[in-house]
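Chain by chain, the residues run as shown.
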Amino acid sequence: MRRWIAGRTAQAAVTIAVAAVLMFVLMRVTPGDPLARLMGDRPMSAEEVAALRALYGLDQPIPQQFTRFVSGLARGELGVSIEYRIPVTTLIRQRLPASFLLGGTVLVLNFTLGIWLGALQAVRLGGRLDRWLSTLSLAAFAMPSFWLGLILAWLVGIRWHILPALGMIDPLLPPDAGVVVRSLDILRHLVLPALTLSIVSIAATMRYQRTAMIEALREPYIRTARAKGLPERHVIWRHAWRTALFPVITLFGLWLPIVVTGSVFVEHVFNWPGLGSLTAKAISGRDYPVIMGASLLAAALVVGGGWLTDMAYAWLDPRVRHAA
Amino acid sequence: MTPLLRVRDLRISFPTDAGTSTPVDGVTFTLARGETLALVGESGCGKTLTSLALLRLVPSPGRIEPGSSLRFGDQDILAMDPRALRSMRGKHLAMVFQDPMTSLNPVFTAGAQIVETIQAHESVTPKAARDRALALLREVGIPDPANRIDQYPHEMSGGMRQRVMIAMALATEPEVLIADEPTTALDVTVQAQILEILDRLQASHGLAILLITHDLGIVAGHADRVAVMYAGRIVEEAETGALFSKPTHPYTQGLLNSVPRLTGPRRPLVPIPGAVPDPAHWPPGCRFHPRCPKAMPRCRVDDPPRLEAGHGHHAACWLVEEAPA
Amino acid sequence: MSTVRGVLLTAVSSSRGRLGVLVLAGLVVAAVVAPLFLPDPLAQPDILAGANRPPSAAHWFGTDQLSRDVLARVATGARISLSIALVAVALSITLGAVVGLVAGYWGGWVDVALMRLVDGALAIPRLFVLLLVVAAWESMPLAAFIVVLGTTGWFGTSRLVRGEVLRIKQEPYVHAAEALGANRLRIVFRHLLPNVSGPLLVAATLGVGNVILLEAGLSYLGVGVRPPTPTWGGMILDAQETLFVAPWGSIFPGLAIVVTVLAVNLIGDALRAASDPRLA
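Now for a quick tour of the structure.

Calculation criteria
- Residues numbered from 1 in each chain as written.
- Chains lettered and ligands numbered in written order.
- Predicted model: local features only at pLDDT ≥ 70, side-chain atom pairs only at ≥ 80, totals over all residues.
- Heavy atoms only, no water.
- Pairing = 2+ DSSP bridges.
- Helix = DSSP H or I, 4+ residues; strand = E, 2+ residues; numbered from the N terminus.
- Axes fitted to C-alpha atoms, helices over the stretch in contact; angles between N-to-C directions.
- Disulfide = S-S within 2.5 Å.
- Buried < 20%, exposed > 50% of the residue type's maximum accessible area, 1.4 Å probe, protein only.
- Salt bridge = Lys/Arg side-chain N within 4 Å of Asp/Glu carboxyl O.
- Contact = heavy atoms within 4.5 Å.
- Buried area = accessible area lost by both parts, 1.4 Å probe.
- Polar contact = N/O pair within 3.5 Å; in protein donor to acceptor, adjacent residues only side chain to side chain.
- Nonpolar A, V, L, I, M, F, W, Y, C, P; charged D, E, K, R; others polar.
- 1 Å grid on protein atoms, 1.4 Å probe; cavity = no way out; pocket = protein on both sides within 12 Å on 5 of 7 lines; lining within 4 Å.
- Points joined across faces, edges and corners; volume = space filled by probe spheres on them.

1. Examining the sheet that holds strand S7 (residues 93-96) of chain B
Residue and element names in this part refer to chain B.
In step 1: Pairing is mixed in the open sheet, where 8 strands are placed in the order S7-S8-S9-S3-S10-S11-S13-S12. This sheet does not close on itself; its edge strands, each paired only once, are S7 and strand S12 (307-310). Across the sheet, the mean angle from the axis of one strand to that of its neighbour is 20 degrees, orientation sign disregarded.
In step 2: With 4 bridges joining them, strand S3 (residues 36-40) and strand S10 (residues 225-230) adopt parallel strand pairing. Each bridged residue has a counterpart across the sheet, and for Leu37 the counterpart in S10 is Arg225.

Following this line, the structure appears as structure tokens:
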């Protein structure tokens, strides 16, 4: 078992390394001056230029550049933001909580409502609920998240004036407002971005779980369970759903990056102060170190999520546990 | 004595692209208390569907046609409400399936699955249920039951899994056990052990067993009576000894001729020519006539009913009438 | 059901697939024909009085802030978005198939190296990869944009093809044919194509929907197709400042995206159901 864990971990490490190399190559290969990229179009003094050159090792041959890059990564350094002039890691740390809040909320919605609806679709396969939900999820799938966000912001936020359309907090809140008032304020701001992201993502979750549940209900041991005289709700929710929940673990692992890096589009539309909107701003501001930092973080989380998924399977599925 | 199980004119149909298919088309048999009836036939003749119908587990889009009669004791199985049906399943009428690896849930332990059966039908404490499960495992001959009870199906051999299935089926002392090809997925050496367990349990529990198989060897050693199925119907039914010594229907004769024997003079194996007809298009007249070496002109036109060929011996063949009494 | 023709025919036989094909066909026709009848999407006839006009008989989708006809722009945008998506996906599928074939057939360290590469590339979310390139490339030509889109979408396909090659390689009939002297590569190839064309078609169809959404998103962020070329994402970006005054400038391009991607997904779904009827 320990050997299997070590093997998987090594695999994950290799994958991250390859991803980092690919990103480095991408940075150097894209046409344009990497220095200009890292400097932005701010006029800089000669000293600043020289300092930047030294920091990124741009005056050194490529192998050295790569080594500096990798050792910087190992130390947890992701460079310095052009726009804000502070380390990218600091920026990321500042914006993480907002992304967590948004991503976490959507995650919870997906893994409660989404999973349940998907399973229900499979139980009532071909029925009205199934067909309606399938059509709705296909439509939701096809929506660009930023467009949906804009429409919702306009309709609910501006036209009907029910909920705030921008940001995370009301800038006009009195400074002595208590915790409850502040929390409620954040919650009110959370509704629209969370709704937008949920609509688009629940569609995928429902489809995934529906398929898994259909497969589970087809298994021969479901027939055995019925033949034993078990109540139908036991057959479905204790036997079939248990099996159908396993693929959901994979889905969980895929969500990890989104929870942290946030949705670039949704956060941008709603001006939600998370990592996603930071990345979006970095695009227009050509703040390359930030984009690079966010990408590296995202890749690490994708691999990390996959690793966690493997570990979870090993722990929960007795078959995998014994094979390991 | 009322037979425990009475099946009359069972018809199961499936809609297909080529029209309605009737893989089970008028099956009639009875099962008495304490006896073993073997239902024999080639794969695809409808044996499994027949057994599933008894528990009303025919997979959709198949359906049991009206006009079919299934009776358990004095109850009409087809008219049961869901509660009565659920109560019958497992508690009075239990089933053991062919492949224990896929028929047992891989994420529950053997013990959990047996206990679950008990608790579904009786209100006992978890501890009492577990004790009973332990006793059952011992009874089906699983060594070291105290450890095995907490093991998962994939940690066991095929034979052991099948024993668990049998233990699970007998957990609530049913009157009837339907065993659908219980040994087909197992090694030959293990087959004998499983069958021996079934015999032993029948003697000690007074079980009636409906044994579904395609293996005539198993029939010879373990069945009191045999019903031979072909093309969705029972074509011959007799006590085991009588069937083997005086097979009446040409299909039965063909089956017996195609089984190699270890004793006696060497004879060539004679397979039955042709293939099983398509359930969507049964041939007219006697369904076996295209393959029958003794087919008469009458057989092409008239479908023979169940005719008496001896004491307790029936065959659906016109030869019964032609033969000297 | 693994021949291309067979799958296509089956897809059209389902009502969902038919709907998708119908809608898509309508869109393609509109994209090709409509611009002939509609005003010039780039023309700004009357900025002062004709800007931000709501939908009317003269302008079915209204006008934007530069008095351009929204319907004309949406129709032209259809041409652009669809062509970009089709070319990019064609590129992805080809790359994926080639790499998958090479990795599966050669095996050994070539396979290991290629698959490690694919793993690493798949770890970076596609959006970020695109951002790393387009955000840095100041004046990226459209052709380069399409190539970048295409070269970021082949990883999953390569795994699919590789899996199929590996499976075929160990089939008895390959060994048998080889023993009779046939060329192994040719055998694999001949059996590969029919087996893989079904899943590839599904992947391609769903890929088109994906690329349309990605391209729209990038254009919305200002780094996709550059103005004044009308693209749906870019139109939504332009109309954002007048969202409250003239929402039709944002609504219609978005609806166009939804309808197109939905149609494509319906077709993809029907295709998938055709190769695995149990999931319908």
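2. A word on the state of the cysteines
Residue and element names in this part refer to chain B.
In step 1: One pass over the full model with this rule turns up 0 disulfides over all chains.
In step 2: Take Cys299: it sits in no disulfide, and the sulfur closest to it among the cysteines is that of Cys286, at 5.8 Å.
In step 3: Residue Cys299 is classed as buried on the basis of its relative accessible area of 7%.
In step 4: Free of any disulfide, Cys317 has its nearest cysteine sulfur in Cys299, 6.2 Å distant.

3. Points about the pattern of salt bridges
Residues and elements named next belong to chain B.
In step 1: According to the stated counting rule, one finds 27 salt bridges over all chains in the structure shown.
In step 2: Between Asp9 and Arg11 there is a salt bridge, and its shortest N-O distance comes to 4.0 Å.
In step 3: The exposure class assigned to Arg11 is partly exposed, which follows from its relative accessible area of 29%.
In step 4: Across the salt bridge formed by Glu42 and Arg291, the nearest N and O atoms sit 3.9 Å from each other. Taken together, the positions of Glu42 in the loop between S3 and helix H1 (47-54) and Arg291 in the loop between helix H11 (250-257) and helix H12 (297-301) put the pair 249 residues apart, joining distant regions of the chain.
In step 5: A cluster of three or more residues bridged by salt bridges with shared partners is formed by Asp9, Arg11, Asp25, Arg233, Arg287 and Asp303.

4. Points about the interface of chain B and chain A
In step 1: The interface is formed by 25 residues belonging to chain B together with 18 residues belonging to chain A.
In step 2: Carbon and sulfur atoms supply 63% of the area that chain B and chain A bury against each other, a total of about 2,100 Å² over both sides.
In step 3: Taken together, chain B and chain A are joined by 2 salt bridges.
In step 4: One salt bridge in this structure joins Glu116 of chain B and Lys228 of chain A, with 3.1 Å as the shortest N-O distance.

5. Thoughts on the interface of chain A and chain C
In step 1: Between chain A and chain C, the residue contacts involve 48 residues of the former and 49 residues of the latter.
In step 2: A buried area of about 4,300 Å², summed over both sides, lies between chain A and chain C, and 75% of it is on carbon and sulfur atoms.
In step 3: The largest share of the area that chain A buries against chain C comes from Trp147, Trp154 and Arg286 of chain A, three residues that together contribute 14% of it.
In step 4: Viewed at the interface, chain C and chain A are joined by 1 salt bridge.
In step 5: Measuring nitrogen to oxygen at the nearest pair gives 3.0 Å for the salt bridge that ties Arg207 of chain A to Asp269 of chain C.
In step 6: Counting the contacts that link chain A with chain C gives 4 residue pairs in polar contact (both at pLDDT 80 or more).
In step 7: Elements supplying a minimum of two residues to the side of chain A that touches chain C: helix H1 (2-29), helix H6 (128-141), helix H7 (145-159), helix H8 (179-217), helix H11 (264-270), helix H12 (275-284) and helix H13 (288-316) of chain A.
In step 8: Residue contributions to the side of chain A that touches chain C peak at 9 residues, all from H13 of chain A.
In step 9: Residue composition of the side of chain A that touches chain C, grouped by class: 32 nonpolar, 10 polar and 6 charged.

6. Considerations on empty space enclosed by the protein
In step 1: Per the stated rule, a full pass over the model turns up 7 cavities of 30 Å³ or more.
In step 2: Of the pockets and cavities examined, the largest cavity occupies roughly 90 Å³.
In step 3: Considering the residues around the largest cavity, the lining is formed by Tyr230, Arg233, Ile234, Val235, His249, Cys286, Arg287, Phe288, Asp303, Pro304 and Ala316 of chain B.
In step 4: The element contributing the most residues to the lining of the largest cavity is strand S11 (residues 233-239) of chain B, with 3 residues.
In step 5: Residues that form the lining of the largest cavity fall into these classes: 7 nonpolar, 1 polar and 3 charged.
In step 6: In this structure, the second largest cavity is lined by Thr224, Ala227 and Lys228 of chain A together with Gly90, Ala94, Met95, Phe97, Thr117, Met165, Met168 and Ala169 of chain B.
In step 7: Top contributing element to the lining of the second largest cavity by residue count: helix H7 (residues 158-170) of chain B, with 3 residues.

7. Focus on helix H7 (residues 142-151) of chain C
In an α-helix, one full turn covers 3.6 residues, which means residues spaced three or four apart are oriented alike.
In step 1: All of the buried residues along H7 of chain C are Ala144, Phe145, Ile146, Val148, Leu149 and Gly150 of chain C.
In step 2: Where H7 of chain C is buried, its residues contact helix H4 (70-106), helix H6 (126-134) and helix H10 (184-220) of chain C.

8. With respect to the pairing of strand S1 (residues 5-16) of chain B
Residue and element names in this part refer to chain B.
In step 1: Pairing geometry for S1 and strand S2 (residues 19-31), over 9 bridges, is antiparallel. Following the sheet pairing, Phe14 is matched in S2 by Ser21.
In step 2: Here S1 folds back onto S2 in antiparallel fashion, the turn holding 2 residues.
In step 3: Across 4 bridges, the pairing between S1 and strand S5 (residues 69-72) is antiparallel. Bridge pairing links Arg6 to Arg71 in S5.
In step 4: Two elements, S1 and strand S4 (residues 63-64), share 2 bridges in a ladder whose sense is antiparallel. The residue bridging Ser13 from the neighbouring strand is Arg63, located in S4.

Remember that the coordinates give geometry; whether it matters functionally is a separate question.
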